[in-house]
Amino acid sequence: MSVDLATVKRVARLARIAVSEDEANRMVGELNGILGFVEQLSEVNVDGVEAMTSVTPTAMKKRTDEVTDGSKAADIVANAPVTDHNFFLVPKVVE
């Protein structure tokens, strides 16, 4: 895939980037170079290569999954103007 001057100008307009004629001409070559590199990457055989999330192997830190009530109900409603048994009370709105 190659990029032409019209495509660069269209992308710049869509991105709302002001690009002069000289900058657009320079970007044509730069973008074509980037796309050429991406095409080279697609030629690499990656069969059997496991996907990585990091360059160093790490084990995820896990904690036990325990269900609790949080023990913070009073702290959560402390700044509410009106509460009842740790529930927020709001005015009834009927239109």
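Above this text sits the structure in question.
Please read these numbers as outputs of a predicted model, since none were measured by experiment. Each chain carries its own residue numbering, running from 1 in the direction its sequence is written. Per-residue local features are limited, in this predicted model, to residues with pLDDT of at least 70; the limit for side-chain atom pairs, both in listing and counting, is 80 or more; totals at the level of whole chains, interfaces and linings are taken over all residues. Only hydrogens and water are set aside when side-chain values are computed; all heavy atoms of the structure are taken into account.

Here we look at the overall build of the protein
Helix and strand labels come from DSSP, where a helix needs a run of H or I of at least four residues and a strand needs a run of E of at least two; each type is numbered from the N terminus. When its secondary structure is counted, the protein shows 3 helices and 2 strands. Taken from the N to the C terminus, the helices and strands of the protein come in the order α-α-α-β-β. Based on the C-alpha atoms only, the size of the protein along its principal axes is roughly 70 × 50 × 25 Å. In this scheme, a residue with accessible area under 20% of its type's maximum is buried, one over 50% is exposed, and one in between is partly exposed, where area comes from a 1.4 Å probe on protein chains only. In the protein, buried positions account for 7% of the 95 residues.

Considering the pattern of salt bridges
The salt bridge definition used is simple: a Lys or Arg side-chain nitrogen within 4 Å of an Asp or Glu carboxyl oxygen. In the structure shown here, the tally under the stated rule is 2 salt bridges. The closest approach of N and O atoms between Glu-21 and Lys-9, which form a salt bridge, is 2.9 Å. Remark: Lys-9 occurs in helix 1 (residues 5-14) and Glu-21 occurs in helix 2 (residues 21-42); sequence separation between them is 12 residues. The salt bridge involving Glu-30 is made with Arg-26; its shortest N-O contact spans 2.8 Å. One end of the pair is Glu-30 and the other is Arg-26, both in helix 2 and 4 residues apart, which spans about a single turn.

Digging into a nonpolar patch on the surface
A contiguous nonpolar patch, built from Leu-31, Ile-34, Phe-37, Val-38, Leu-41, Val-44, Val-46 and Val-49 and spanning about 740 Å² of accessible area, is present on the exposed surface. Tracing the chain through its elements places Leu-31 in helix 2. Classification of Leu-31 as partly exposed rests on a relative accessible area of 33%. Only residues whose relative accessible area exceeds 30% and that form no salt bridge are eligible for patches; like-charged ones are grouped when within 9 Å, while nonpolar side chains (Val, Leu, Ile, Met, Phe, Trp, Tyr) are grouped when within 5 Å. For the accessible areas, the method is Shrake-Rupley and the probe is 1.4 Å, while residue cover comes only from the protein chains on display.

Focus: the environment of Ala-24
Assignment of secondary structure puts Ala-24 in helix 2. Sequence separation between Ala-24 and Thr-7 is 17 residues, and the spatial gap between their C-alpha atoms is 9.5 Å. Contacts: residue pairs with any heavy atoms within 4.5 Å of one another. Filtering out sequence-adjacent residues up to four positions away, Ala-24 remains in contact with Leu-5, Val-8, Lys-9 and Val-19.

Describing the packing of helix 1 against helix 2
In a pair of packed helices, the angle between the axes and the distance between the axes together describe the arrangement. Only the contacting stretch of a helix is used when fitting its axis, a line to C-alpha atoms as for every element, and angles between N-to-C directions run 0 to 180 degrees. The geometry of helix 1 relative to helix 2 is characterised by a closest axis approach of 9 Å and an angle of 110 degrees between their N-to-C directions. Our classification of the angle between helix 1 and helix 2 gives roughly perpendicular. Residue-level contacts link Leu-5, Val-8 and Lys-9 of helix 1 to Glu-21, Ala-24, Asn-25, Met-27, Val-28 and Leu-31 of helix 2. In this classification, Asp, Glu, Lys and Arg are treated as charged, Ala, Val, Leu, Ile, Met, Phe, Trp, Tyr, Cys and Pro as nonpolar, and every other residue, Gly included, as polar. Tallied by class, residues from the contact of helix 1 with helix 2 come to 6 nonpolar, 1 polar and 2 charged. Should an angle lie under 35 degrees it is considered roughly parallel, over 145 roughly antiparallel, and from 65 to 115 roughly perpendicular; all remaining angles are considered oblique.

Considerations on unusual backbone geometry
Here the phi dihedral of Arg-16 falls at roughly 55 degrees; this positive angle occurs in a residue that is not glycine. Among the secondary structure elements, Arg-16 is positioned in the loop between helix 1 and helix 2. Judged by relative accessible area, which is 79%, Arg-16 ranks as exposed. One non-glycine residue, His-85, lies in the positive phi region at around 50 degrees. Along the chain, His-85 falls in the loop between strand 1 (83-84) and strand 2 (87-88).

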